[in-house]
Amino acid sequence: MSDWRGNQSDEEDDEFEPFSGRSGIVLVIDCAGYMFQQVGESEPRFVEVLHIIEAMMRNKVIASEKELVGVVFYNTKNNPAPESEEELQPGLVAPRQCAIYLPLASISVEMIRKVRGMRESSDFHNFDDKYGHVQDTSLSNVMWLCSRMFSHCGYKLEQSTIVLFTSNDQPHDTSSNEYQQALVKARDLQQKEIYVELVPMDCSFDCNKFYKEFLCTVLEEDMNEYVAPVYEQSTQRLLHRLFIKSYKKRSLAHLKWHLSDGLALGVNIYSLARRPRLPKKVKLLRSTNEVIVSKRMHMASTFSEEREEEDTKALLPGEQMKSMTIGGEKVSFKPEEVAQMKQLLPPGIRLLGFKPASSVEITNHLRGSLFLYPNESHIKGSTTLFRALYEKCLEKKQVAFCSLTMRRKQSPRLVALVAQEESAPGSFAGQERFCGFRIEFIPFAGDIRKLPVLEEATPTDVTNEQVNFFKNVIKKVKFKFHPTNFENPTSQNLYINIESLLFDVEDAEFFDNTLPDYELIDSKLNGLIGDMQNLFGEDAEEAPKRRRNVEAEDGDEPQPKGARVEPASDEDLLQMVKQGKVAELTIPMLKEYLKRKGVSGLSKLTKANLVDKILETQAD
C-alpha cells in the first residue's frame, strides 16, 4: 500500500495545456542584386535579413518548438540541388529562378548554424556562382512554391504564413500578365487560408504601387482601411527576441453555469496568466548517451515467521491500495474509493448567491485569476443571458459567488465571478481587456490562518512629521510599472546559457531587470539622508552572530553542533528509540538496523516511518 495525502493542492492540475496543432512559416528572401548592395555605412539588406531570420529561428526554438520554418530564395539565376538527402522532399521541385535554401521542417541547431554561416561568410558561401542574381521573377511562381511546401510538409498545419523580405516595391507592372497572375494566386492563397506578411527592407518603400492590392486580396481586407507596413517597425518587431513560451489561446474547459435547477448556460474558461514551463531534463546513460527509460512496478512480498522472504509478485493497479496514517492507525482505500472521494460534484459552475464587490478583498487572492466567457455553441442563448447578467452585476456592483469544479476527479473550489469592464489598448495589461467575468479564487474557512504575532502586536507611535517625510520619499522613488518590462530572470538565464553551449558563444550577456537601480535611488534620496537620521536616529547595530562550534572547557577540539552518536549495538539503538532520542540517530542507521532484521521496502520511508517500523518489529 502506498501512502496517500488527500490534502494536496490541485492548483497545478488546473494549469494544463490544451491540444494545439502545428503552424508553418516560410521566409522568402529577394536575392536580386539590389539586396546585396552596400547602403551607406550599414550592411547590405541581404545580411540584415539573415540577422532577422536567425533571431526569429532562435526565438522559435524556445517559444514554439512545434512550429515548422523554411527559407526560400527568389530572383536567383540557378537552382542548386539540396546538399543532403534529408533536405530532399519528394514531389517538390522549385520553379525557375527560385531555390529552396532550407526545407520546411522543425527548427534545429544545424539550420541556425547554416543561416549564421552564410551571414558570416565574406562571399555568402559563394552565392554569386551557386545561386546568382536575376530580376523580374514571377511572384505567382514564388507563392505557388510556398503553397506546395505547406502541402508537402507531412503535417496538417493549423496556420500557414509566408513572410516576404524585399526592397522592390513594384516587382511587376500593373499592365503585365505577371501582375494578373499574382492577383489570381493571391485569391488562391486566401481560399487556402495562407497568410502573407510583407517586410519592406527600404525606408522609401511604397506599398501602393503593387503590394497593397496583392496583400488586401490575400488577407481579404478593405483597401481603404489597410495600413501599410513600415521598414523600421517591421524589422524591430521581428528582431524583438524574448524567451517567452507561446501558448495557444484555447479554452481550459467547456462547462455549464447552473443558475438554478432548470436553468443553465454554456461558458468557456480561459487562463489569463500562467507560469512558464522550463524544458524537461532527461536522464542519459553516461557511457553511450542513450536516453534512460524508467518504469515503476509495484511488488508485493510475503515473509515467513523467521522473516525470510517466501514469495514476491507484481501488483496490478486493481490489486493496489492507498493508505494514510491518522492517530497512529492506517486507513486504507481502494483506488475507486479515492476517485469517489475526490468527485464530490460533476464538472460545472453552481451559483451560490451574490454579494457586494467590496467583499472580494486582496487578502483572499489564492492564485492567478481565470476568465469566463459565454459559449453559444454549447447552449443556444447563452450569450444573451450571460450579457444580461454581466451588465446587471456592473450596474449593481455585485459579484457572483459560485462553486467551481473544473474537471472530473477534482475537488470543488469556491470562486467569485467579478464583472470587469472593457478597456482600450495601452492599459495596465498592455493589451485590450475584454468584457466578461474574472474568476477569483476564494479561500474556505479552513484555509484562513490567524497569526497570533499580528493580533498581539501593538502599533508603534509615529509623528506626523515622520509620516510626511516618507510621503516625500515615496514621491521621489515612484516609477512607471508595466508587466511587459520585467522578464523572468530564471528562464532568461537558462536559455541564454543553453544558447551559449549550443552555438559556442562566450560571455553571453544576461541582464536581470528585476534588480533595483540602487544608483538611481541613491541619487534621488541623497538630500534626504540627513533628515532621516535626525528623525529616526542612527541605525541599530547588528547583534553578534553566534558561533557554530562551541569550544570545550578543557581545551579539546570543538565539537560540531548536533553531533550524531553511533550506537554500539542493536540493543543500544533500540534503547535510544524507546527513550525518544531519535534526533541523535540518522536515517542510514535506522535503515541498516531494519535490513538486519529482514525488513525490505525502506527506500521511500521517512524517519518517522522508520521509527514506527522498528517499534512494530520489536512488538512482533
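Residues numbered from 1 in each chain as written. Predicted model: local features only at pLDDT ≥ 70, side-chain atom pairs only at ≥ 80, totals over all residues. Heavy atoms only, no water.

An unreviewed UniProt entry lists the protein under the name ATP-dependent DNA helicase 2 subunit 1, with Anopheles dirus as the source organism. The UniProt entry for the protein carries the following text under Subcellular location (unreviewed entry): "Nucleus". We quote the UniProt Catalytic activity (unreviewed entry) comment for the protein here in full: "ATP + H2O = ADP + phosphate + H(+)". (UniProt positions renumbered as here; feature names shortened; annotations may be inferred.)

Our next topic: the overall build of the protein. Within the protein, the regular secondary structure consists of 18 helices and 17 strands. The burial tally for the protein puts 34% of its 620 residues in the buried class. Once local pairs closer than 6 in sequence are excluded, the contacts in the protein between residues at least 24 apart make up 71%. For the protein, the accessible area works out to roughly 40,700 Å², and carbon and sulfur atoms hold 50% of it. (Helix = DSSP H or I, 4+ residues; strand = E, 2+ residues; numbered from the N terminus. Buried < 20%, exposed > 50% of the residue type's maximum accessible area, 1.4 Å probe, protein only. Contact = heavy atoms within 4.5 Å. Areas by Shrake-Rupley, 256 points an atom, 1.4 Å probe, with all protein chains shown as cover.)

When helix 16 (residues 570-578) is considered as a whole, its buried residues turn out to be Leu573, Leu574, Met576 and Val577. Relative to the axis of helix 16, the buried residues are bounded by an arc of 160° and lie together on one face. Seen from the open side of helix 16, the exposed residues pointing more than 90 degrees away from its buried face are Glu571 and Lys578. Looking at the buried positions of helix 16, the neighbouring elements they touch are helix 17 (587-596) and helix 18 (607-619). (Arc of directions from axis to C-beta.)

Of all five residues that make up strand 14 (residues 370-374), four are buried, and the element is covered over most of its length. Note: strand 8 (residues 264-271) against strand 14, five bridges, orientation antiparallel. Each bridged residue has a counterpart across the sheet, and for Ser271 the counterpart in strand 14 is Leu370. Here strand 14 runs beside strand 17 (residues 436-441); their pairing, made up of three bridges, is antiparallel. Bridging from a neighbouring strand, Phe371 pairs with Arg438 of strand 17. (Pairing = 2+ DSSP bridges.)

Glancing now at the nonpolar core. The biggest cluster of nonpolar side chains holds 37 residues, and the ones touching the most others in it are Val26, Val28, Met143, Ile162, Val196, Tyr211 and Phe214. Sorting the residues of this core by element identifies strand 2 (23-30), strand 3 (68-74), strand 4 (98-106), helix 5 (139-151), strand 5 (159-166), helix 6 (177-191), strand 6 (194-200) and helix 7 (211-219) as the ones contributing at least two each. The leading source of residues in this core is helix 5, at seven residues. Once residues within four sequence positions are removed from consideration, Met143 is found in contact with Ile162, Lys185, Leu189, Val196 and Phe214. Core analysis: the second largest hydrophobic core is formed by 34 residues, Met56, Val69, Phe73 and Phe165 among them. (Core = buried A, V, L, I, M, F, W, Y, C linked by side-chain atoms within 4.5 Å.)

Next up on the list: the packing of aromatic side chains. Summed over all chains, the structure comprises 24 aromatic pairs. Aromatic side chains Phe36 and Phe46 sit 4.4 Å apart centroid to centroid with 25° between the ring planes, which places their arrangement in the stacked category. Taken together, the residues Phe36 in the loop between strand 2 and helix 2 (45-63) and Phe46 in helix 2 connect sequence positions ten residues apart. Take Phe36: its relative accessible area is 18%, and that puts it in the buried class. Pairing Phe371 with Tyr373 gives two aromatic rings, centres 6.0 Å apart and planes at 20°, and the pair type is stacked. Over the aromatic face of Tyr101 sits the side chain of Lys114, whose NZ or CZ is 4.8 Å from the ring centroid. (Phe/Tyr/Trp six-rings, centres within 6.5 Å; stacked < 30°, edge-to-face > 60°. Lys NZ or Arg CZ within 6 Å of the ring centre and 35° of its normal.)

One closed barrel holds the seven strands; their spatial order is 7-8-14-17-16-15-13, and the pairing between them is mixed. Taking each pair of neighbouring strands and ignoring which way they run, the sheet shows an average axis angle of 40°. Two strands pair when backbone bridges link them, and strand 15 (residues 398-405) and strand 16 (residues 413-420) are joined in this way by five bridges, in the antiparallel orientation. Counted as the bridge partner of Leu404 is Arg413 from strand 16. The sheet strands contacting helix 10 (residues 382-396) are strand 7 (253-258), strand 8, strand 13 (348-356), strand 14, strand 15, strand 16 and strand 17, and the helix crosses strand 17 at an angle near 70°. (Axes fitted to C-alpha atoms, helices over the stretch in contact; angles between N-to-C directions.)

Our next topic: the sheet that holds strand 4. An order of 4-3-2-5-6 is seen for the five strands of this open sheet, with the pairing classed as mixed. Taken across any chain shown, the strands that pair with only one partner, and hence form the sheet edges, are strand 4 and strand 6. Within this sheet the neighbouring strands show an average axis-to-axis angle of 15°, counted without direction. Along the sheet, helix 5 contacts strand 2, strand 3, strand 4, strand 5 and strand 6; its crossing angle with strand 4, the most-contacted strand, is approximately 25°.

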